[in-house]
2 protein chains.
Amino acid sequence: MKLLEDRIRKDGLVRDTDVLKVDSFLNHQLDVSLLNSIGEEFYRIYKDEGITKIVTVEASGIAIASLTGIHFNVPVVFAKKAKSKNIEGDVYTSKVHSFTYGRDYDVTISKKFLSEKDRVLLIDDFLANGKAMRGLLDICEQAGASVAGIGICIEKEFQGGGDELRSQGYHLTSLARITKMTENEIEFSERE
Amino acid sequence: MKLLEDRIRKDGLVRDTDVLKVDSFLNHQLDVSLLNSIGEEFYRIYKDEGITKIVTVEASGIAIASLTGIHFNVPVVFAKKAKSKNIEGDVYTSKVHSFTYGRDYDVTISKKFLSEKDRVLLIDDFLANGKAMRGLLDICEQAGASVAGIGICIEKEFQGGGDELRSQGYHLTSLARITKMTENEIEFSERE
């Protein structure tokens, strides 16, 4: 998606060769107009897939999933990272290793909100080694929900998570695929 | 807002006399169509206030703020609750006591995204004793940003935070104001 690639080139900051900061428009300050265009693009790609639910993980997936859900007109469910006393009863849980925070955490979704009747579009801001996405896939499997597709804003292709998911047959769409990055230059895969 | 009150009556669950669970449509599973109507309503009320930025706190404020921001066409900034190595440099920080989690936490916003040029609309899902909102107000004060208004989905009026903010002169709009709740009945203030 040219709009997103251009924005990454303009406002993205590379740190330590593998960290890309896009906090001015994607995951701290949010350019909701850009996010709405991203949601439209996911809708264009997955609109005929019979999606019944959009699933993401807090916190940075929520805005993107919400502005995607509005086009599909289906509910959005976000997995929680901390167990709150407001989540009661039965939950699906999966353990995830966070690259960003350098530690493990659980992601949980209340069993009420995901079932074998659901056909899910998974959404997230980043895909690197794929650990967070594995947690969501694990939860979908526990629920018996079918995964129609995975929509990612920025894939760091050189970290391998995306290719692994594609080789396992998942329909994965990354709107910007970074093959290489340095402080001075960001290279993208050719767009499909 | 009748639409929201009706939904709370239909799907809200009261626990322990002061906890209202609305996780089926507002803060775990999200009815994005309802949230979009909420955003439209905040826009109707605050559209002439010269809002430059919408500010909320992760996680449950993000979807509502995003679907409000899309109507104002201004950036959304969400305060983070945990310090990540992806937040670098200068941040505004304020300490908040969480009623839900029963502990203190810091909320932080990168200084890049809030300044004395901003006129802010603060958004959150709940207002109870007002502690989370105090954290956001504190950050706006540190930044020198002016607060044009506070938009809340559900105010638990009987916990006092809203009246305190109103008495201090804040323009506070709560779309559903609960005066009393039991497991069998939820009472709302008369709508303005």
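Everything quoted here is computed from the prediction, not taken from an experiment. (Residues numbered from 1 in each chain as written. Chains lettered and ligands numbered in written order. Predicted model: local features only at pLDDT ≥ 70, side-chain atom pairs only at ≥ 80, totals over all residues. Heavy atoms only, no water.)

Considering the packing of aromatic side chains
All names here are of chain A.
(1) Moving on: All chains considered together, the criterion is met by 2 aromatic pairs over all chains.
(2) Moving on: Centroid distance tyrosine 43 to phenylalanine 72: 5.0 Å. Interplanar angle 85 degrees. Geometry classified as edge-to-face. Here tyrosine 43, found in helix α2 (residues 32–46), pairs with phenylalanine 72, found in helix α3 (residues 60–72); they are 29 residues apart in sequence, far enough to count as distant.
(3) Moving on: Over the face of the ring belonging to tyrosine 105 we find lysine 81, whose NZ or CZ atom lies 5.0 Å from the ring centre. (Phe/Tyr/Trp six-rings, centres within 6.5 Å; stacked < 30°, edge-to-face > 60°. Helix = DSSP H or I, 4+ residues; strand = E, 2+ residues; numbered from the N terminus. Lys NZ or Arg CZ within 6 Å of the ring centre and 35° of its normal.)

Details of the pairing of strand β8 (residues 119–127) of chain A
Residues and elements named next belong to chain A.
(1) Moving on: Counting buried positions along β8 gives 8 out of 9 residues, so the element sits mostly inside the fold.
(2) Moving on: As paired strands, strand β4 (residues 53–57) and β8 are joined by 3 bridges and run parallel to one another. Bridge assignment links isoleucine 54 to a residue of β8, and that residue is leucine 121.
(3) Moving on: When β8 meets strand β9 (residues 146–156), the two strands line up parallel, connected through 8 bridges. Residue leucine 127 lies in a different strand from β9, and its bridge partner there is glutamate 155.
(4) Moving on: Regarding topology, helix α4 (residues 131–143) serves as the crossover connection from β8 to the parallel β9, and that connection is right-handed. (Buried < 20%, exposed > 50% of the residue type's maximum accessible area, 1.4 Å probe, protein only. Pairing = 2+ DSSP bridges. Right-handed = clockwise from strand over helix to strand, strands pointing away.)

Remarks on the nonpolar core
(1) Moving on: Grouped together as the largest cluster of nonpolar side chains are 78 residues, with contacts concentrated most on A:Leu4 and B:Leu4.
(2) Moving on: Among residues more than four places away in sequence, those in contact with B:Leu4 are B:Phe25, B:Leu34, B:Ile38, B:Cys153, B:Ile154, B:Leu175 and B:Ala176. (Core = buried A, V, L, I, M, F, W, Y, C linked by side-chain atoms within 4.5 Å. Contact = heavy atoms within 4.5 Å.)

Quick word on the pattern of salt bridges
(1) Moving on: Counted under the stated rule, the structure contains 30 salt bridges over all chains.
(2) Moving on: With a shortest N-O distance of 3.4 Å, B:Arg134 and B:Glu164 are connected by a salt bridge. With a gap of 30 residues between them, B:Arg134 in helix α4 (residues 131–143) and B:Glu164 in helix α5 (residues 161–167) connect regions that are remote in the sequence.
(3) Moving on: Overlapping salt bridges, with partners in common, bring together A:Glu155, A:Glu157, A:Asp163, A:Arg166 and A:Arg177 in one network. (Salt bridge = Lys/Arg side-chain N within 4 Å of Asp/Glu carboxyl O.)

As for unusual backbone geometry
Comment: phi is negative for the bulk of residues other than glycine, and the bulk of peptide bonds are trans.
(1) Moving on: Residues A:Glu58 and A:Ala59 are joined by a peptide bond in cis, for which omega reads -5 degrees.
(2) Moving on: Positionally, A:Ala59 belongs in the loop between β4 and α3.
(3) Moving on: Unusually for a residue other than glycine, A:Asp16 sits at a positive phi of about 60 degrees.
(4) Moving on: Here A:Asp16 is to be found in the loop between β1 (13–15) and β2 (19–21).
(5) Moving on: At B:Asn73, a position not held by glycine, the phi torsion is positive, near 55 degrees.
(6) Moving on: Residue position: B:Asn73 is located in the loop between α3 (60–72) and β5 (76–79).

Thoughts on α3(A)
Helical geometry note: an α-helix holds 3.6 residues per turn, so side chains three or four residues apart project in the same direction.
Residues and elements named next belong to chain A.
(1) Moving on: With 10 of its 13 residues buried, α3 lies for the most part within the structure.
(2) Moving on: Within the sequence span of α3, burial applies to Gly61, Ile62, Ala63, Ile64, Ala65, Ser66, Leu67, Thr68, Gly69 and Phe72.
(3) Moving on: In the stretch just after α3, asparagine 73 is the one whose phi turns positive, near 55 degrees.

Describing the sheet that holds strand β3 (residues 29–30) of chain B
(1) Moving on: A sheet is described by the order of its strands in space; here 7 strands give the open sequence β11(A)-β10(A)-β9(A)-β8(A)-β4(A)-β5(A)-β3(B), paired in mixed fashion. Strands with a single pairing partner mark the edges of an open sheet, and in this sheet they are β11 (186–188) of chain A together with β3 of chain B.
(2) Moving on: Pairing analysis gives 6 bridges linking β9(A) to strand β10 (residues 172–181) of chain A, with the strands arranged parallel. Bridging from a neighbouring strand, A:Glu155 pairs with A:Arg177 of β10(A).

Considerations on the environment of A:Ile51
All names here are of chain A.
(1) Moving on: With respect to the helices and strands, the residue isoleucine 51 is situated in the loop between α2 and β4.
(2) Moving on: Taking the relative accessible area as the measure of exposure, isoleucine 51 reaches 11% and is therefore buried.
(3) Moving on: Not counting residues up to four positions away in its chain, the partners in contact with isoleucine 51 are Tyr46, Phe72, Val74, Arg119, Val120, Leu121 and Ala148.

With respect to the sheet that holds β5(B)
(1) Moving on: In spatial order, the strands read β3(A)-β5(B)-β4(B)-β8(B)-β9(B)-β10(B)-β11(B); together these 7 strands make up an open sheet with mixed pairing. Only two strands of the sheet have a single neighbouring strand rather than two, namely β3 (29–30) of chain A together with β11 (186–188) of chain B.

Overview of the packing of α3(A) against α3(B)
(1) Moving on: Where α3(A) meets α3(B), the closest approach of the two axes is 9 Å, and the angle between their N-to-C directions is 55 degrees. Put simply, α3(A) runs oblique to α3(B). Taken as a pair, α3(A) and α3(B) cross one another with a handedness that is right-handed. For the pair α3(A) and α3(B), the contacting residues are A:Ile62, A:Ala63, A:Ser66, A:Leu67 and A:Ile70 in the first and B:Ile62, B:Ala63, B:Ser66, B:Leu67 and B:Ile70 in the second.
(2) Moving on: Here the contact of α3(A) with α3(B) is built from residues that sort into 8 nonpolar, 2 polar and no charged. (Axes fitted to C-alpha atoms, helices over the stretch in contact; angles between N-to-C directions. Parallel < 35°, antiparallel > 145°, perpendicular 65-115°, else oblique. Left-handed = near helix turned anticlockwise from the far one by under 90°. Nonpolar A, V, L, I, M, F, W, Y, C, P; charged D, E, K, R; others polar.)

Notes on the side chain of B:Lys80
(1) Moving on: Note on placement: B:Lys80 falls in the loop between β5 and β6 (91–98).
(2) Moving on: In this structure B:Lys80 is buried but unpaired, with B:Glu58 as the nearest side chain of opposite charge at 6.1 Å.
(3) Moving on: Reaching out from B:Lys80, the side chain makes a polar contact with the backbone oxygen of A:Asn27 at a distance of 3.3 Å. (Lys, Arg positive; Asp, Glu negative; His and termini not counted. Polar contact = N/O pair within 3.5 Å; in protein donor to acceptor, adjacent residues only side chain to side chain.)

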